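Listed below, chain by chain, are the residues.
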Amino acid sequence: MFNSNSAHSRGSKYSQVRSYSDSDSDSSGDNIEDDDFVQREIRQQQMMMKQQDEGLEMLGQSADRLSQISMGIHEELGHQNKMLNEMEEDLETATENLNLVTRKTKELIQKSGGKRNFIIIVVLSVVMIILFFLVLYT
């Protein structure tokens, strides 16, 4: 590799390195090393592509699961909206009925002589119930 004869004859400490051409026998070793390097790089890239494909497959499965979950949520929200609408209708009906009963009660109180007579009737009714229980249990 080094030309040792010329280095010693000139008295120089270093010698000139001989240049190699493609036709030299050592270049075939370089080509083999280059081929090995290229093959390693190709295998490495193939492994990376395989890992990326696996990652994309997992991502696709996750997207499918999310899609199924979101469809389930959508259906559940639809059912709950329907139930809420029915409940709202029932509440409106109950409110109307309560307003009707309240109005009728007010009319009854006014016809019976006002609040004073109504309070007297309620108090006498409570007294009568208490007396009934006292008679029953004694």
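Predicted model, so just to flag it, every value in this text is computed and none were measured. (Residues numbered from 1 in each chain as written. Predicted model: local features only at pLDDT ≥ 70, side-chain atom pairs only at ≥ 80, totals over all residues. Heavy atoms only, no water.)

**Quick notes on the overall build of the protein chain**
Which entries qualify depends on this criterion: A run of H or I in DSSP becomes a helix once it reaches four residues, and a run of E becomes a strand once it reaches two; helices and strands are each numbered from the N terminus. Residue burial is assigned from relative accessible area. The probe radius is 1.4 Å, only protein chains are included, and a residue is buried under 20% of its type maximum, exposed over 50%, and partly exposed in between.
In terms of regular secondary structure, the protein chain is built from three helices and zero strands. Taken from N to C terminus, the helices and strands of the protein chain fall in the order α-α-α. Taking all 138 residues of the protein chain together, 3% fall into the buried category.

**Structural notes on the packing of aromatic side chains**
Applicable threshold: The rule is short: rings of Phe, Tyr and Trp, with Trp giving its six-membered ring, pair when the centres are within 6.5 Å, and they are stacked under 30 degrees, edge-to-face over 60, tilted in between.
Under the definition given, this model contains two aromatic pairs. Where Phe 132 meets Phe 133, the ring centres are 6.0 Å apart and the plane angle is 65°; that geometry is what we call edge-to-face. With relative accessibility at 41%, the residue Phe 133 sits in the partly exposed group. When the ring of Phe 133 is compared with that of Tyr 137, the centres are 6.3 Å apart and the planes differ by 10°; the resulting orientation is stacked. You can see Phe 133 and its partner Tyr 137 sitting in helix α3 (residues 115-137), four residues apart, about one turn around the helix.

**A word on the confidence of the model for the protein chain**
Put simply, the rule is: What pLDDT reports is the predictor's confidence in each residue, on a scale of 0 through 100. The contact rule is simple, with two residues in contact once any of their heavy atoms fall within 4.5 Å.
Summary statistics for the protein chain give a mean pLDDT of 82 and a share of 78% for residues scoring 70 or more. When pLDDT is averaged over each helix and strand of the protein chain, the minimum, 45, is found for helix α1 (residues 4-10) and the maximum, 90, for helix α2 (residues 25-111). Note on residues 1-10: pLDDT under 50 across the span, and nine contacts to partners over four residues away in sequence or across chains.

**Topic: a nonpolar patch on the surface**
How we decide: Patches draw on residues past 30% relative accessible area with no salt bridge. Two like charges within 9 Å are joined, as are two nonpolar side chains (Val, Leu, Ile, Met, Phe, Trp, Tyr) within 5 Å. Here the accessible surface of atoms and residues is derived via Shrake-Rupley with a 1.4 Å probe, and residues count as covered only by protein chains that are part of the display. When a carboxyl oxygen of Asp or Glu lies within 4 Å of a side-chain nitrogen of Lys or Arg, that pair is called a salt bridge.
A grouping of Phe 118, Ile 119, Val 122, Val 123, Val 126, Val 127, Ile 130, Leu 131 and Leu 134 is seen on the molecular surface, where their side chains present a nonpolar patch of about 760 Å² in accessible area. With respect to the helices and strands, the residue Ile 119 is situated in helix α3.

**A short note on a negative patch on the surface**
To keep it simple, the criterion reads: Counting rule applied: Lys, Arg positive; Asp, Glu negative; His and chain ends not counted. Here the site of a charge means atom NZ of a Lys, CZ of an Arg, CG of an Asp or CD of a Glu.
Taken together, the side chains of Glu 86, Glu 88, Glu 89, Asp 90, Glu 92 and Glu 96 present a region of like negative charge at the surface. Here Asp 90 shows up in helix α2.

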